[in-house]
Each structure stands twice: as C-alpha cells, then as structure tokens.
There are 2 protein chains.
Amino acid sequence: MEEFSQRFSSLKPFLVFECAARSGSFSAAAKAFNISQPSVSRNVAQLEREIGVALFERRSTGAELTDAGRELFHAITQGMSTILRTIKQIERRRHEEAGVVSLSVSGSFVAHWMAPRLAAFTQAFPDVRLRFHLISGMVRGLPDDVDLAVRTMDASDQDVRSWDFVPEIVLPVCSPGYAAARKSTGNETFLHFSDHAHDIWNDMSDLCLPGQLEGDVCHEFDDYSVLLQAALDGSGVALGWLSVTSKLLLDRRLVPVGGRAHRTGRVHRLIDCGAGPSRDIVADIAQWLVERMKEDLAALEPILPATT
Amino acid sequence: MEEFSQRFSSLKPFLVFECAARSGSFSAAAKAFNISQPSVSRNVAQLEREIGVALFERRSTGAELTDAGRELFHAITQGMSTILRTIKQIERRRHEEAGVVSLSVSGSFVAHWMAPRLAAFTQAFPDVRLRFHLISGMVRGLPDDVDLAVRTMDASDQDVRSWDFVPEIVLPVCSPGYAAARKSTGNETFLHFSDHAHDIWNDMSDLCLPGQLEGDVCHEFDDYSVLLQAALDGSGVALGWLSVTSKLLLDRRLVPVGGRAHRTGRVHRLIDCGAGPSRDIVADIAQWLVERMKEDLAALEPILPATT
DNA sequence: TTCTTCCATACGCTCATCGTATAGCGTGAC
DNA sequence: GTCACGCTATACGATGAGCGTATGGAAGAA
C-alpha cells in the first residue's frame, strides 16, 4: 500500500476531486471543502498529472466528469466509505464501552427541555454520559454516529426501534411580563421563526396578524433557541413547540396566549439509530424520556388551551 | 466525504498506519515507507488522537495491533485497494488506447534478446509502443499492471492465455576471445550468478570446478545483465540461459564452452496478464516473439552442444 | 455589448511535517 | 547484576509543499 505514497505526493487531491465531482464545479467544491477555488483547481490538476488522464472536462458552466473521472469517483466514494464506516464503528464501540450515549436533537430542545432535567437524568442513569449532536434547522436524514434521535414525522410513519414521544403541537406563547404589558399597549411584537411561512400565524391563533395593526412589529430569527430566549425575555410572542416549551409552560416562565393550540397531525418520535444490535441502555433512556414527557403533558392539561 | 478532511488533518497517517500494521514495528515500517522512525511514531500517534482509540500496543519487541487497530487495518487495506485497482484499470485503458503494451521481463532478456530486435518489432507493429517492466532477480508473482510477462515454470504448469516460449536451457558460455585465451593459460575465471548454488557448475559442464585448480577465479554478480556484459568483454565463463543468449550465440559474440547444455525441464512461457478481456494485439505480439525464438532455436541447432 | 461566472496561473508566505539527536524503557545474554 | 541492544517517544530547528490573494482569459447570459 505504500505504493500510494510513492506514486502520489498526497492523498488530499483524491478527496478534493471527490468533492468537485459531487459539486459539479470547482468553485462550488471550494466552498464545500472550505478551501479556495485555485486550490481545488491545483489539487485536481495534480491528481490528473499523477494518474495521467483527464478527470474533468472544463466547461464555462462548470466541470464535467470524463469516463475515467467517473470510474475514479465511484472507487473513491466506495473505498473511503469503507474506511469511514469502520472508524465510526470503532468510535461507537468506544462510546459504548465508556457509557456514552449520543443524542441527535434540536438545540432548543436541549436548552429548554433536556437541560433542566439533566440532574434527574444523571440520578436515573448514573453511569451514562450524554453526547449531544445538535441540529440547526429542520432535519434531513439520520446521522449514522448517533444512538438516539428525535425526529418529526407523519403519525402514520412507523419505524423499527422507535417510540412515540409527543404529538407535534404548536401554540403562541409569551413571557408573563409581556402578557401583562400587551393588554395595555394593544400592540403586538411577533417573534417569527424563519423556517415558518408568515401566514402560519393565521392558523395558529386569533391574534391580530403581523402588519395588520399600526405599531405591530415582527422580528425574525433563524435559530429557534435564540427566538425562544427572546420570548423568555419578554420581547414578544412566539410560536412554541410543545415538545420544547412544555417545561417552560409548567414553570410559568412562558404562558399561552391567543387561546389556541394547533395539533399539526405530525408526531415527534424517538428513534434508535444504532447500526448494530440494539443497546438496552438506549431503550431505557428512550423510555425515561417518554415518561418525563408524559408527565409534562398530564400536568399541562389544565393550562393548555383547546387544541384545534 | 469532506468529513475526512474536516476530521483528519491529513490522510498520510492512514497509509503509515497501514504500513506499520503490516510491518509489525514502527522501525520496520519506517524503512519500508522511506521515512524516519519518529515520523512513523508521530503519524500513528496523530491517527490515534484523531480517532480517539489506541491502534497499537507498544511493546519493546515492536508494536502489536489492538482490536480497533486490526479493524481499521482491514478497512484501509480494502478501501485503498478499491481505489488503487481502479486507477490501474484507468491506466491500462489509457495505455490500450495509446497502443502501449507492457512487458514484464528480465533486464538481461531485454538487453541481449529484445533490444537487438526492436527495429524488426517496430516494423512488424508500427503502432505499438512497448513499455518494459524490468524485474531484478527471480520472479515472484505477476504484476497486475502489465500485459505480457515472461515467466519460468514447470513444463506441466499450464495457464490460460499463455504461450510456450522456449525450454529453459543453460550452458556455459564465454566470449570468443576468452575461449582462445583459456586454451593457453589452462586457468579458468568463473562468472557466477548469486542466485545459483555454486555447485551448479558440476551439473552443467565438464569444466574444472571453481577452486579446484590453483589460479582459478570466481567472480560473483547479483545482476545477470552485468554478469553477461562481463562475459561479453571476455572476463570469464558464465552460465548462459538460452532464452537470453540465443542471439549472442548466433552472432558469435558468445560461444558455448564445456561441451554440454543442460535442459532443466522447466520452460519459459509468455503469459497474457490482462485483467479484462484479452487484447488481440497482445496475442499477436506473443506469437511474434514465439516465432523469433523458434527461428533462433532452429539456427542454433548446429552450434549447440548436445543437451543433457 | 456588457456582465457574470467559470477555471488557470503567478507570487509570496506560512506552517505542517520532516529528519537528527536524544532520552526512556523493557528484554535477553552473560 | 549489569550491559548491550533492540524498541518507541519527545525536542528542536529547518524547509518546502500548499495555501490564499490577485489576476487573466474564455464562454455564456442578459
């Protein structure tokens, strides 16, 4: 295998090439790879020089793979995946042995639902160390190096090794301070989540729509954690996912406003992502989370407005 | 796949690790990889740091793979082989399109049998460019990036896509000048090939054995080309493979001496190593080589001593 | 035409990585 | 015991591979 080092000055060009092949252009690959465009160009050129064939046809619209390039691309994808998969397996085993459990959840869920329960969690699972993989916006696929993930899906979607966590319910919420103040001013400040359409407020409440009244304000956030923090600070009214805000509502740090809660018909589920044989501890933790959420929902019964 | 570049500062440690795993010790790997031992140590340590597990157990007798190390080793071997195989395939196709045919033969065969026929070869195959992969000593396996190889094997060994080239015949030879001189001096200078046992001369000739007569000399060479050059220069008597020396014997630049030729029972065969579908041009070239060798053998008939 | 977007090349600079030197350590011979 | 001989790890100074910035040319798009 040292043939590689003898023939190729570095292996980086292989990865850069792979990225460029996937991106369709050197410029795009540069962004994806966090290097400059000339660096991509040089890396690919070097690989072509060392192998002795053209891998791309340069067009003014981008770079297109040649036949040889396509072959090499597949080989690299396959070969590197083999290695990467094994590394993840090794890491998973290491985590398993160290009692580490990885969760893939939203930052806001951790900040406002999980964090206040960490002490209780540690009491229930003294040997478990949690590792949070925070996801920024909406979720795409399941990461492959995580044990347990919270994902939102249609209620009909079932999956092996998963548990119903909580139905997806959203409702307008604000801090008690803001709730008191808004009665006197009559104006509203909306804290809007970028992922939502602006007309979502129509369905969700009988609040006046943003922009409908002179003096209404609408701030927009693309990070739900920050948005919620603003709501807690009394900056305005936010749409709150029950899965995130249940504890805040119970602690009266947020209060429902507008008299409605909307059940989207989708559900949050806990999914056991473990590739190999299922770990008992993962199921135990999932059960524990489900129980806590059940307690929340029961306690919220008297507080919540009727769901629509 | 850019995950690789994000997590690992360089891919070299993977190759160094693979080499160390195969070598069994960092020092040995350093030699095989042509880098210093501390560099191996650093590379492996870095990989261990980046993956987060120990890959070797350091012993004073060397370094032994841990379980994780063994897993990773297999993955790297497999993954890199995938890539390397594809690269060779691409290169082979490139050679094919460019009319390049690769031969794996001994340096002495090229120097003394093939080279004098290159003009004739080009006349017969004007579009073919030859690429010689010279092998130093005895042959191990077949290289996988070559079209045609000359290999010595038992006469019974048959192989798909191969042609009988010439029986393995060895006979003592010397330059005409040396042949004339030795009659007067009575002493002998032996040009011995390191790969041979010294007593090979017993079987091969009725020459006086090296060391048996006062004044006899025995020089030893581990490169057959150089040994043959020395024989051509009149430096002594050498054991000549007919497959290499036939042209030299025909041109009277070497003459048989000792009155015997030894047929080992083995044969040189031409083997089509092409991995994919057989190339017609390869078979044509093999045929051409066989014909030339046949002509040699026929013309040598009156010159050669009886074979034993 | 002009504008935009793409890739290739030139040019310094910097930092990752190398080799040398050396220390530490375990093992086996005597 | 202790000496010698492997092995690997660490320190340190030097260097060159590879980076980013700046720029040029070519090809579509407006």
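Taking an unreviewed UniProt entry as the reference, chain A is identified by name as LysR family transcriptional regulator belonging to Salipiger mangrovisoli.

Draft legend 1. Layout of the relation of the copies chain A and chain B. Once turned by 180° and shifted 0.2 Å along the axis, chain A lies on chain B with an RMSD of 0.3 Å. Read as a symmetry element, the transformation amounts to a two-fold axis. If distances are taken from each C-alpha of chain A to the rotation axis, the shortest is found for A:Gly79, at 1.7 Å. When the interface residues of chain A are mapped onto chain B, 100% of them again lie at the interface, so the same face is used by both copies.

Draft legend 2. Spotlight on the interface of chain A and chain B. At the junction of the two partners, chain A supplies 39 residues and chain B supplies 39 residues. Interface area for chain A against chain B, summed over the two sides, is near 3,800 Å², with a carbon-plus-sulfur share of 69%. Across the contact surface, chain A and chain B share six salt bridges. Among the salt bridges present, the one from A:Glu91 reaches B:Arg7, with a minimum N-O distance of 2.4 Å. The interface formed by chain A and chain B contains ten residue pairs in polar contact (both at pLDDT 80 or more). Of all the secondary-structure elements, those providing two or more residues to the side of chain A that touches chain B are α1 (3–7), α2 (12–23), α3 (26–33) and α5 (67–97) of chain A.

Draft legend 3. Inspection of the protein's contact with DNA strand D at higher detail. Taken together, 20 residues sit near DNA strand D, with A:Ser36, B:Phe26, B:Ser27, B:Ser41 and B:Arg58 positioned nearest. Of everything in DNA strand D that lies within 4 Å of the protein, sugar and phosphate atoms constitute 65%. Here A:Lys12 contributes a side-chain N or O atom positioned 3.1 Å from a phosphate oxygen of DNA strand D. For DNA strand D, a base nitrogen lies 3.2 Å from a polar atom in the side chain of B:Gln37. Looking at the surface near DNA strand D, the elements with two or more residues in it are α4 (37–51) of chain A together with α3 (26–33), α4 (37–51) and β2 (62–65) of chain B. Here the surface near DNA strand D is composed, by residue class, of five nonpolar, eleven polar and four charged.

Draft legend 4. Up close: a negative patch on the surface. Taken together, the side chains of A:Asp195, A:Glu220, A:Asp222 and A:Asp223 present a region of like negative charge at the surface. Looking at where A:Glu220 falls in the secondary structure, it is placed in strand β8 (residues 217–221).

Draft legend 5. Broad picture of the environment of A:Asp67. Residue and element names in this part refer to chain A. For Asp67, the location among the structural elements is in helix α5. Exposure remark for Asp67: the relative accessible area of 58% places this residue in the exposed category. Sequence separation of Asp67 and Ala54 is 13 residues, and the distance between their C-alpha atoms is 9.1 Å.

Draft legend 6. A look at unusual backbone geometry. One non-glycine residue, A:Asn34, adopts positive backbone phi at about 60°. By the secondary structure assignment, A:Asn34 is in the loop between α3 and α4. The class for A:Asn34 is exposed, based on a relative accessible area of 69%. In this model, B:Arg252 sits at a positive phi of 65°, which is unusual for a non-glycine residue. One can find B:Arg252 in the loop between α11 (242–250) and β10 (255–256).

Draft legend 7. Examining the UniProt feature "domain: HTH lysR-type" (unreviewed entry) in chain A more closely. Those residues carrying the UniProt feature "domain: HTH lysR-type" (unreviewed entry) are residues 16–66 of chain A in this numbering. Counting secondary structure, residues 16–66 of chain A comes out at 61% helix and 16% strand; the distance between its end C-alpha atoms is 16 Å.

Draft legend 8. Molecular detail of the environment of A:Ala261. As for its placement among the helices and strands, A:Ala261 is situated in the loop between β10 (255–256) and β11 (262–272). If sequence neighbours within four positions are ignored, A:Ala261 has contacts with A:Ile169, A:Val170, A:Leu171, A:Pro305, A:Ala306, A:Thr307 and A:Thr308.

Draft legend 9. Region of the structure containing the protein's contact with DNA strand C. The environment of DNA strand C is formed by 20 residues, the closest being A:Phe26, A:Ser27, A:Ser41, A:Arg58 and B:Ser36. Among the atoms of DNA strand C close to the protein, meaning within 4 Å, 66% are from sugar or phosphate groups. Interatomic distance of 2.5 Å between a side-chain N/O atom of A:Ser41 and a phosphate oxygen of DNA strand C. Take B:Lys12: an N or O atom from its side chain is 3.3 Å from a phosphate oxygen of DNA strand C. Secondary structure elements with two or more residues in the surface near DNA strand C: α3, α4 and β2 (62–65) of chain A together with α4 of chain B. Of the residues in the surface near DNA strand C, the class split is five nonpolar, eleven polar and four charged.

Draft legend 10. Quick peek at helix α10 (residues 224–232) of chain A. Residues and elements named next belong to chain A. The buried count for α10 comes to seven of nine residues, which makes it a mostly enclosed element. On its buried face, α10 is in contact with α6 (107–114), β7 (189–193), β8, β9 (237–241) and α11 (242–250). You can read the cap of α10 off the contacts: a side-chain oxygen lies 2.8 Å from the backbone nitrogen of Ser225, and it is on Asp223. Phi turns positive, to about 85°, at Gly234, one or two residues after α10.

Draft legend 11. The side chain of A:His112, seen in detail. Mapping A:His112 onto the fold places it in helix α6. Sequence-distant contacts of A:His112, that is, excluding residues within four places in its chain, are made with A:Ser225, A:Leu228, A:Gln229, A:Leu232, A:Val244, A:Lys247 and A:Leu248.

Scoring rules and cut-offs
Residues numbered from 1 in each chain as written. Chains lettered and ligands numbered in written order. Predicted model: local features only at pLDDT ≥ 70, side-chain atom pairs only at ≥ 80, totals over all residues. Heavy atoms only, no water. Least-squares fit on C-alpha atoms with pLDDT ≥ 70 in both. Contact = heavy atoms within 4.5 Å. Buried area = accessible area lost by both parts, 1.4 Å probe. Salt bridge = Lys/Arg side-chain N within 4 Å of Asp/Glu carboxyl O. Polar contact = N/O pair within 3.5 Å; in protein donor to acceptor, adjacent residues only side chain to side chain. Helix = DSSP H or I, 4+ residues; strand = E, 2+ residues; numbered from the N terminus. Near = heavy atom within 4 Å. Nonpolar A, V, L, I, M, F, W, Y, C, P; charged D, E, K, R; others polar. Patch = residues over 30% accessible without salt bridge, like charges linked within 9 Å, V, L, I, M, F, W, Y side chains within 5 Å. Areas by Shrake-Rupley, 256 points an atom, 1.4 Å probe, with all protein chains shown as cover. Lys, Arg positive; Asp, Glu negative; His and termini not counted. Charge placed at Lys NZ, Arg CZ, Asp CG, Glu CD. Buried < 20%, exposed > 50% of the residue type's maximum accessible area, 1.4 Å probe, protein only. UniProt positions renumbered as here; feature names shortened; annotations may be inferred.

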